[in-house]
Amino acid sequence: VGIVPSTIKVSRTSHIINFLSSAKFRVGVKSIDGEINTSGNLLNIKSDFEWNGLHQSERNLGVVRQIGCDLTEEEKESLKINFGENEIKETQKFLTEKFPDRSKKIIGFHPGAGKIANIWDTRKFIDLIKKLFFKYNNYILITSGWKDELIIKDIRTALNNSDIKYSVVHNLPVKQLAYLLSQLNLYITNDTGTMHIAGYTETRMISLFGPTDPDEWAPTGEKKYYVRSKTENINDITVDEVCNLSEKILKEE
């Protein structure tokens, strides 16, 4: 069985590779929202799909339902990242060293993203960090990816000139990062890879969306929240919007 989901875009290359694999059953889409898949002739199990506004996870399930694969609502809710002994041990050591007072809240922030349009203004992140710190006297964790060095530098400069103590973790392995995020009281992140990692943990989180549709991409579940710009410009999200939602979430702990 070879499956070409095509939930984000239709890749001719993926269809060719799937065909050349000699898979007996080649599964994919015939059309999406009325647009014909021009590589559909390389598939032998395919359907027309209407996906306008449907979450990406449901789109993927729609494709594989053609061959009898599915998940119940209970199974969807139970999908979480499993942690090994090494991830737990290393992370607990980090937490003990950096955040020794377990009575304090730990609030995490991811101020970077792979796409410029998905990056909330660094100054707004700094203002948000300061507002929450002065209210909760919390520990601060900042997560960073490969493209985030300049953003992290600006945040370090701003926080180093204050009394705020913080820790930065850079490009951790996925499972170790996931376990670390699962230990936070709240995680506030741009629409980027770490958002999806946090989405498969139990942590409370707020995702920030600009041009991307959160109905398609936001993590789902009772502890998952998002703020979307009304103009699709992520920088039109105000600090107060995020701060007020953060306070509401933390009250519910």
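Right, let's walk through the structure included here. (Residues numbered from 1 in each chain as written. Predicted model: local features only at pLDDT ≥ 70, side-chain atom pairs only at ≥ 80, totals over all residues. Heavy atoms only, no water.)

Bringing a nonpolar patch on the surface into the picture now. On the surface, a nonpolar cluster with roughly 340 Å² of combined accessible area is contributed by V1, I3, F25 and I67. By secondary structure assignment, the location of I3 is in strand β1 (residues 2-3). Residue class for I3 comes out partly exposed when judged on its relative accessible area of 38%. (Patch = residues over 30% accessible without salt bridge, like charges linked within 9 Å, V, L, I, M, F, W, Y side chains within 5 Å. Areas by Shrake-Rupley, 256 points an atom, 1.4 Å probe, with all protein chains shown as cover. Salt bridge = Lys/Arg side-chain N within 4 Å of Asp/Glu carboxyl O. Helix = DSSP H or I, 4+ residues; strand = E, 2+ residues; numbered from the N terminus. Buried < 20%, exposed > 50% of the residue type's maximum accessible area, 1.4 Å probe, protein only.)

There is a patch of like negative charges on the surface, built from D33, E35, D48 and E50. Position of E35 relative to the elements: it lies in strand β3 (residues 35-36). (Lys, Arg positive; Asp, Glu negative; His and termini not counted. Charge placed at Lys NZ, Arg CZ, Asp CG, Glu CD.)

Turning our eyes to something else, we now look at the pairing of strand β8 (residues 186-190). In terms of burial, β8 is a largely internal element, five of the five residues being buried. Alternating residues of β8 divide into L186, I188 and N190 and Y187 and T189, and every residue in both groups is buried. Note: strand β5 (residues 106-110) against β8, four bridges, orientation parallel. The residue bridging F109 from the neighbouring strand is I188, located in β8. (Pairing = 2+ DSSP bridges.)

Attention now moves to unusual backbone geometry. Of note in the backbone geometry, S22 takes a positive phi value of approximately 65° without being a glycine. We note that E232 has phi near 75°; this positive angle belongs to a residue other than glycine. Along the chain, E232 turns up in the loop between β10 (224-228) and α10 (239-251). Relative accessible area serves as the criterion here: at 44%, E232 is assigned to the partly exposed category.

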